[in-house]
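Analysis of the macromolecular model
Now for the letters of each chain:
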Amino acid sequence: TQLLEQSPQFLSIQEGENLTVYCNSSSVFSSLQWYRQEPGEGPVLLVTVVTGGEVKKLKRLTFQFGDARKDSSLHITAAQPGDTGLYLCAASGGSNYKLTFGKGTLLTVNP
Amino acid sequence: DAGITQSPRYKITETGRQVTLMCHQTWSHSYMFWYRQDLGHGLRLIYYSAAADITDKGEVPDGYVVSRSKTENFPLTLESATRSQTSVYFCASRFTGGDYGYTFGSGTRLTVV
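Residues numbered from 1 in each chain as written. Chains lettered and ligands numbered in written order. Predicted model: local features only at pLDDT ≥ 70, side-chain atom pairs only at ≥ 80, totals over all residues. Heavy atoms only, no water.

1. Considerations on the interface of chain B and chain A
Counting from both sides, the interface comprises 23 residues of chain B and, opposite them, 19 residues of chain A. In total, about 1,700 Å² of surface goes out of reach between chain B and chain A, with carbon and sulfur atoms giving 54% of it. Joining chain B to chain A, the criterion identifies 0 salt bridges. Viewed at the interface, chain A and chain B are joined by 9 residue pairs in polar contact (both at pLDDT 80 or more). Of all the secondary-structure elements, those providing two or more residues to the side of chain B that touches chain A are β4 (31-38), β5 (42-51) and β9 (87-94) of chain B. Its residues placed into classes, the side of chain B that touches chain A shows 11 nonpolar, 9 polar and 3 charged. (Contact = heavy atoms within 4.5 Å. Buried area = accessible area lost by both parts, 1.4 Å probe. Salt bridge = Lys/Arg side-chain N within 4 Å of Asp/Glu carboxyl O. Polar contact = N/O pair within 3.5 Å; in protein donor to acceptor, adjacent residues only side chain to side chain. Helix = DSSP H or I, 4+ residues; strand = E, 2+ residues; numbered from the N terminus. Nonpolar A, V, L, I, M, F, W, Y, C, P; charged D, E, K, R; others polar.)

2. Here we look at the pattern of salt bridges
Opposite charge on two side chains lets them pair, provided their charged atoms get close. Residues and elements named next belong to chain B. Applying the stated criterion across every chain, the model contains 5 salt bridges over all chains. Among the ionic pairs, Arg36 bridges to Asp38, the shortest N-O distance being 2.8 Å. The burial state of Arg36 is the same as that of Asp38; both residues are buried. Of the charged contacts in the structure, one is a salt bridge between Asp38 and Arg44, with a shortest N-O distance of 3.1 Å. Looking at Asp38, the relative accessible area reads 14%, which means it is buried. One connected set of salt bridges, linked through shared partners, spans Arg36, Asp38 and Arg44. (Buried < 20%, exposed > 50% of the residue type's maximum accessible area, 1.4 Å probe, protein only.)

3. So, the sheet that holds strand β8 (residues 76-78) of chain B
All names here are of chain B. Judged by pairing direction, the sheet is antiparallel, and its 4 strands sit side by side in the order β1-β3-β8-β7 without closing on themselves. Each of the sheet's edge strands pairs with one partner strand only, and the pair in question is β1 (4-7) and β7 (64-66). Pairs of neighbouring strands in the sheet enclose a mean axial angle of 15°, with direction left out of account. Pairing analysis gives 3 bridges linking strand β3 (residues 19-25) to β8, with the strands arranged antiparallel. Directly across from Leu21, in β8, lies its bridge partner Leu76. (Pairing = 2+ DSSP bridges. Axes fitted to C-alpha atoms, helices over the stretch in contact; angles between N-to-C directions.)

4. Points about the packing of aromatic side chains
Residue and element names in this part refer to chain B. Summed over all chains, the structure comprises 16 aromatic pairs over all chains. With centroids separated by 6.2 Å and ring planes inclined at 15°, the aromatic side chains of Tyr31 and Phe33 adopt a geometry described as stacked. For Tyr31, a relative accessible area of 9% corresponds to the buried category. Residue class for Phe33 comes out buried when judged on its relative accessible area of 0%. Between Phe33 and Tyr48 the ring centres are 6.3 Å apart and the planes differ by 25°, which places this aromatic pair in the stacked class. (Phe/Tyr/Trp six-rings, centres within 6.5 Å; stacked < 30°, edge-to-face > 60°.)

Here it is, written out as structure tokens:
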């Protein structure tokens, strides 16, 4: 069973600040996904990264997949209260598209 | 409405009772999944299905039963509910192939008293 370690577990920042959250493992992944979950809802896919070293941008969010495909980071520029939520990374190392999820980073952006 | 729908949204049941959580998707996705989400454990896979009549165990299947007679439905049954099964349950689906992500339902919050 693959383990995905996310850090930090909790993050509380002021509006306008930048932040980075991390997802690490000892396993190599074929792809890695990031989801955001808001209270009372299911996770929503933000991005999928596939190639080692890949960088994807989604407005103020920048996602990076490590060169060795064992780790990933999510950087948010100028955070806004609407970015508040639980950020989850997930990876699949085998068949049947089963995803293993990290425990998440709970981000709170204060106005 | 298109999408993935879970019902009920909230359920309180007594220890020992059987309870079924429903999941319905309108995209004809082949793959469907059931996860439970608990503080300290994150999302853990209970069961998944690759197609109608094909199901398999995930990480925490004990005490649960699934069926998939139709592509669009994937009910999860707790045969004899226990307090440790108090959790938020999420159903998800995805296309076959490619690097698609999961589409999740809004979840069912189950409390076993």
